[in-house]
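Chain by chain, the residues:
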Amino acid sequence: MANWIRNNRGFFVFLLLFGLFRTAVADWNPIPSGSMRPTLLEGDVVLVNRLAFNLKVPLTNTVIARLGEPRRGDIVTFFSPGDGTRLIKRVVALPGDTVAMRDKILFVNGERATYEPIGTVMERLSPGVSVPALRLDERTGTRHRIVQWLPVPYGSDHDSFGPIVLPADRYLMLGDNRDNSADSRYFGLVPRELLIGRAVAVLVSADIEGDWAPRFERFGERLR
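Residues numbered from 1 in each chain as written. Predicted model: local features only at pLDDT ≥ 70, side-chain atom pairs only at ≥ 80, totals over all residues. Heavy atoms only, no water.

(A) Looking closely at the environment of alanine 199. The residue alanine 199 is located in strand β16 (residues 195-207) in this model. Judged by relative accessible area, which is 5%, alanine 199 ranks as buried. Apart from the residues lying within four places of it in its own chain, the contact partners of alanine 199 are Val46, Leu47, Val48, Ile75, Val76, Ile88 and Leu223. (Helix = DSSP H or I, 4+ residues; strand = E, 2+ residues; numbered from the N terminus. Buried < 20%, exposed > 50% of the residue type's maximum accessible area, 1.4 Å probe, protein only. Contact = heavy atoms within 4.5 Å.)

Right under this line is the structure:
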């Protein structure tokens, strides 16, 4: 056994360095749910820049240095303050912001988001159950993204909240699929030390409901 380990020590060093790289520098994140539809789809694998915000001790949430600041509209990965689950959502409000939602309409620092309808699609909720979902271009400040609303009674019970003022080092996260996302409306604000990194692009994608057929058109797609 000792000889086998000695003969393969180069491989073990590679695994160690690879593990450190993935936990401290860059990572990839499979998308398991539809909470970020239509921006991210189940079966996407996204590239995550772990050095976007913090330099951490590998395998921990101990921050060594701050390297950058999250921006409103960033798609980020983080550990849920509720149960520690690794999640991916969009940053909607930053420390010091005043944020509220009224009947799905978002307000940040008193400015009402604008919504331009794009169209209606059939959204699959479960096997044999599909409902029409409205997709809209949501604009806040200079940033915009496509969000999705589901009809009553499939919509969220959290269509309204606030206003709340975010304390230091706390962020409010929402999924783009507003009525089918467990986000800050459920588990609260996200502390900065629980941020993992900024999602920057779709690496690869496969249709998990269609025999895992590759979705080549999504390969390399930049996120915004």
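(B) Structural context of the packing of aromatic side chains. Under the defined criterion, the tally for this structure stands at 3 aromatic pairs. Relative to tryptophan 149, the ring of tyrosine 115 lies with its centre 5.2 Å away and its plane at 45°, an arrangement referred to as tilted. In this pair, tyrosine 115 sits in strand β10 (residues 114-126) while tryptophan 149 sits in strand β12 (residues 143-149), placing the two residues 34 residues apart along the sequence. Accessibility expressed as a relative area gives 16% for tyrosine 115, which makes it buried. Residue classification places tryptophan 149 among the buried positions, given a relative accessible area of 15%. Seen in terms of ring centroids, phenylalanine 216 and phenylalanine 219 are 5.2 Å apart; in terms of plane orientation they differ by 55°. Their pairing is tilted. (Phe/Tyr/Trp six-rings, centres within 6.5 Å; stacked < 30°, edge-to-face > 60°.)

(C) Structural context of a nonpolar patch on the surface. Residues Trp28, Leu47, Leu203, Val204, Phe216 and Phe219 make up a contiguous nonpolar surface patch of about 520 Å² in total accessible area. Residue phenylalanine 216 is classed as exposed on the basis of its relative accessible area, which comes to 58%. (Patch = residues over 30% accessible without salt bridge, like charges linked within 9 Å, V, L, I, M, F, W, Y side chains within 5 Å. Areas by Shrake-Rupley, 256 points an atom, 1.4 Å probe, with all protein chains shown as cover. Salt bridge = Lys/Arg side-chain N within 4 Å of Asp/Glu carboxyl O.)

(D) Summary view of the nonpolar core. Membership of the largest hydrophobic core comes to 16 residues, with the highest contact counts inside it found for Val99, Leu106, Tyr115, Trp149, Leu172 and Leu174. Every element with two or more residues in this core is listed here: β6 (86-93), β7 (98-102), β8 (105-108), β12 and β14 (170-174). Setting aside residues up to four positions removed in sequence, leucine 172 forms contacts with Arg90, Val91, Val92, Ala93, Val99, Phe161, Ile164, Leu166, Ser184 and Leu189. Ranked by size, the runner-up nonpolar core spans 13 residues in total, among them Val76, Tyr171, Val190 and Leu194. (Core = buried A, V, L, I, M, F, W, Y, C linked by side-chain atoms within 4.5 Å.)

(E) Fine view of the pattern of salt bridges. For the structure shown, the criterion picks out 20 salt bridges. Note that aspartate 179 is salt-bridged to lysine 104, the shortest N-O span being 2.6 Å. With aspartate 179 in the loop between β14 and α3 (184-187) and lysine 104 in the loop between β7 and β8, this residue pair connects regions lying 75 residues apart in the sequence. Neither residue differs from the other here; aspartate 179 and lysine 104 are each classed as buried. One salt-bridge network, in which partners are shared between bridges, spans Asp44, Arg215, Arg218 and Glu221.

(F) Examining unusual backbone geometry more closely. In this model, arginine 37 is joined to proline 38 through a cis peptide bond whose omega is 5°. Here proline 38 shows up in the loop between β1 (26-30) and β2 (44-49). Cis geometry marks the peptide bond from glycine 162 to proline 163, where omega comes out at 10°. In this structure, proline 163 sits in strand β13 (residues 161-165). In this structure, asparagine 109 takes a positive phi of about 55° despite not being glycine. Topologically, asparagine 109 is positioned in the loop between β8 and β9 (111-112). Given a relative accessible area of 45%, asparagine 109 falls into the partly exposed group. Phi at aspartate 169 takes a positive value of approximately 60°, unusual for a residue other than glycine. Note on aspartate 169: relative accessible area 27%, which makes it partly exposed.

(G) Just the pairing of β16, in detail. Counting buried residues in β16 gives 10 out of 13 residues, a clear majority hidden from the surface. Sheet topology note: the β2/β16 ladder contains 6 bridges and is antiparallel. Directly across from valine 48, in β16, lies its bridge partner alanine 199. Sheet topology note: the strand β5 (residues 75-79)/β16 ladder contains 3 bridges and is antiparallel. Across the sheet, the residue bridging to valine 76 is arginine 198, located in β16. Between β16 and strand β17 (residues 213-214), which follow one another and run antiparallel, lie 5 residues, and aspartate 211 among them has a positive phi close to 60°. (Pairing = 2+ DSSP bridges.)

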